[in-house]
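# Observations on the model geometry
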Amino acid sequence: MLGTPPRINLASLLMTAAAAMCLTCGQHFDCPLPQHLSPCTCLERPLGLDVVCTDVTSMQLREVLDVVGLTRQTLWFLRISKTDLSSFPKNLLEGLDIRNLILVQSNISKIDSGAFADGIESLDLARNCLNRVPSMALSSLKSLAALNLDFNAIETLEAHVFGDLVSLLWLSLYGNRIRLIDSRAFLGTEASLTRLNLGGNRLGQVPRYALQRLNCLQGLRLHDNNLTEVLVENLPESLCDLDLSGNDLTHLDAEAFVTLKHLSALDIEDNRIKSIHEDAFNGIHDSLEWLKLGGNQLTAVPYQALRNLSRLRQLDLRGNLITKLDSHSFDTYGRTLKFIFLQKNCIREIEEGSLDVLESVEWLYLHSNALTELRYETFKSVIDNLHVLDLHDNPYHCDCSILWFRDWLQARGQNVANLPRETRCNSTNELAQKPIVKLTNSSFVCSSSSNPTVLHPFLLVLLFTTLVFCMCR
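In this numbering scheme, every chain counts its residues from 1 along its sequence in written order. Predicted model: local features are reported for residues with pLDDT of at least 70 only, side-chain atom pairs are reported and counted for 80 or more only, and whole-chain, interface and lining totals are derived from all residues. Only hydrogens and water are set aside when side-chain values are computed; all heavy atoms of the structure are taken into account.

As annotated in an unreviewed UniProt entry, the chain is LRRCT domain-containing protein from Larinioides sclopetarius.

Right, here's the structure in full:
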């Protein structure tokens with residue numbers, strides 16, 4: 001089942017912008033009387049009315065829109081949902097000045113040519129029954145900046161299908177059935193389109209020839225498709241955010257992204273990647289800052305491939321098969337890392353000194369691994385810089401080497417450590433299932449100079465007896 005795609009909340013952004021623009025404006029908008037709008041509702045916004053119609057009949061909708069039209073006021077938002085409008089008629093919105101139009105979950109399969117008048121800045125047609133992009137109906141929308149066609153039944157993007165949308169900045173087609181994209185599909189949007197979501201479709205390869213002319217494209221989402229290889233050499237150099245998660249990639253070849261010289265964020269999580277060529281990230285070593293490799297099949301931190309990433313701030317390796325962090329794991333590239341996600345691996349050992357290079361790390365997630373030890377020497381180089389440290393759900397063996405962590409938790413770590421279920425001992429038998437933060441010194445017999453010496457009561461009696469005997473002699 002397809003999930004809901006992450007997306008920009010355009011309604012919220014537009015309302016915030018409107019409020020900011022109208023702090024000093026004197027214009028006021030008045031809703032019609034509620035009895036004239038029922039069963040719809042109306043709110044007065046800084047730049048116009050916000051009319052909401054949910055689960056109404058087509059006749060009720062037409063009557064309400066006629067009433068609103070008589071006011072000759074701007075509709076900043078018109079929201080229509082769960083209304084049976086299988087064929088959206090040409091004259092339903094006639095005479096209305098609409099800026100942001102939302103027509104969702106309304107069984108729309110056909111939209112008449114001329115149904116929309118220029119002036120609409122954002123249009124949401126998600127969760128309907130469109131089997132093709134309604135190009136003729138969209139052709140008049142010269143001011144349209146955002147178009148949402150998520151969760152329809154579109155299978156093909158034909159040539160020039162968005163050709164008249166010369167102001168389009170944001171386009172989302174998530175959750176359709178798209179297999180084929182004509183190389184001329186996006187002609188007309190070359191000078192404007194900056195964000196494109198093609199996730200949740202049935203693409204078998206990156207539609208690079210269709211995208212190569214999008215000179216302003218900055219964000220491209222191709223997640224949850226059927227991609228088996230990374231072929232991006234014809235994508236526009238302007239691209240800075242690329243999402244390839246949830247596909248069928250098994251490896252990354254040398255110079256896989258070399259043409260994307262401005263790429264700063266790359267998401268390749270939830271694939272089946274087992275190997276990454278040591279030169280896979282050549283060409284983006286001076287630009288890449290955010291890298292997601294979680295949910296793959298890596299058995300070690302791919303430090304050779306990462307070695308030249310001089311600006312990397314976030315490394316996400318959660319949910320792989322990594323068993324050990326050694327002295328090379330973050331070597332040469334780790335000094336810039338602030339966020340490291342290593343949870344849900346199989347990590348049994350963190351080699352002493354392996355974290356020493358992490359000069360900037362602030363968030364470190366190691367929960368749900370196989371760690372049995374928490375030695376001070378392992379964490380001493382990073383412990384004072386951390387804002388978040390997550391170590392819960394590991395099978396810790398509690399002995400004297402863990403006392404430093406208990407002391408740190410009690411003194412400062414409560415504000416840093418993320419312990420949703422409390423970090424507990426797995427052994428020894430006497431301490432199993434006890435929260436580490438609640439351990440007492442009397443729980444241990446410690447002789448290490450690095451930890452407080454706590455003697456068993458029997459040893460205290462023996463020592464006292466010995467001292468008395470020696471004094472009496």
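### As for the environment of Trp-404
Tracing the sequence through the fold places Trp-404 in helix α8 (residues 403-411). Residues Trp-404 and Leu-374 lie 30 residues apart in sequence; the distance between their C-alpha atoms is 8.7 Å. Strands are runs of DSSP state E lasting at least two residues, helices are runs of H or I lasting at least four, and both sets are numbered from the N terminus onward.

### Structural notes on the confidence of the model for the chain
Every residue carries a pLDDT, the predictor's confidence in it, which falls somewhere between 0 and 100. Looking at the chain as a whole, its pLDDT mean stands at 89, while 89% of the residues score no less than 70. The low-confidence segment residues 11-26 (pLDDT under 50) makes 19 contacts with residues lying over four places distant or belonging to another chain. By the convention used here, residues are in contact when the closest approach between their heavy atoms is within 4.5 Å. Across residues 448-473 the pLDDT falls below 50, and counting only partners more than four positions away or on other chains, this stretch makes 15 contacts in the model.

### A closer look at the packing of aromatic side chains
Pairing of aromatic rings covers Phe, Tyr and Trp, the last counted by its six-membered ring, and requires centre-to-centre distances within 6.5 Å; plane angles under 30 degrees mean stacked, over 60 mean edge-to-face, and any other angle means tilted. Evaluated as defined, the whole model comprises 14 aromatic pairs. Here Phe-151 and Tyr-174 contribute two aromatic rings whose centre-to-centre distance is 5.5 Å and whose plane-to-plane angle is 70°, an arrangement assigned as edge-to-face. Of this pair, Phe-151 sits in the loop between β8 (146-148) and β9 (156-157) while Tyr-174 sits in the loop between β10 (170-172) and β11 (180-181), and the two are 23 residues apart along the sequence. Taking the relative accessible area as the measure of exposure, Phe-151 reaches 17% and is therefore buried. When accessible area is computed with a 1.4 Å probe and restricted to protein chains, residues below 20% of their type maximum are described as buried, those above 50% as exposed, and intermediate ones as partly exposed. A residue is classified by how much of its surface remains accessible, and Tyr-174, at 1% relative accessible area, is buried. Each residue in the set Trp-290, Phe-339, Phe-341, Trp-363 and Tyr-365 is aromatic and connected to the rest through ring pairs, giving one cluster. Lysine NZ or arginine CZ positioned within 6 Å of the ring centre and within 35 degrees of the ring normal marks a charge as sitting over the ring. Seen from the ring of Phe-77, Arg-79 lies directly overhead, with NZ or CZ sitting 4.2 Å from the centre. The side chain of Arg-127 reaches across the aromatic face of Phe-151, ending 4.2 Å from its centre.

### Some details on helix α3 (residues 58-71)
Counted at 1.5 Å a residue, the expected span for α3 with its 14 residues is 20 Å, and the 21 Å between its end C-alpha atoms agrees. Looking only at α3, the buried set comprises Leu-61, Val-64, Leu-65 and Val-68. Around the axis of α3, the buried residues are gathered within 100° of arc, so they sit on the same side. Residues of α3 that are exposed and point more than 90 degrees away from the buried face comprise Met-59 and Leu-70. Just beyond α3, the residue with positive phi is Arg-72, at close to 55°. Expected span of a helix: the number of residues minus one, times 1.5 Å. The arc in question is formed by the directions pointing from the helix axis toward the C-beta atoms.

### Description of the nonpolar core
Proteins that are soluble and globular tend to have nonpolar side chains buried together. Counting 133 residues, the largest nonpolar core has Phe-116, Leu-157, Phe-162, Phe-186, Phe-257, Phe-281 and Phe-330 as the members making the most contacts within it. Looking at this core, the elements that each hand over two or more residues are β2 (48-54), α3, β3 (74-81), β5 (97-104), α4 (135-138), α5 (208-211), α6 (303-306) and α8. If you tally residues by element for this core, the top one is α8, at five residues. Contact partners of Phe-281, with chain neighbours within four places excluded, come to Leu-252, Phe-257, Leu-266, Ile-276, Leu-291, Ala-305, Leu-306 and Leu-309. Counting five residues, the second largest nonpolar core, distinct from the first, contains Trp-76, Phe-77, Ile-102 and Val-104. What we call a nonpolar core is a set of buried Ala, Val, Leu, Ile, Met, Phe, Trp, Tyr and Cys residues that are connected through their side-chain atoms within 4.5 Å.

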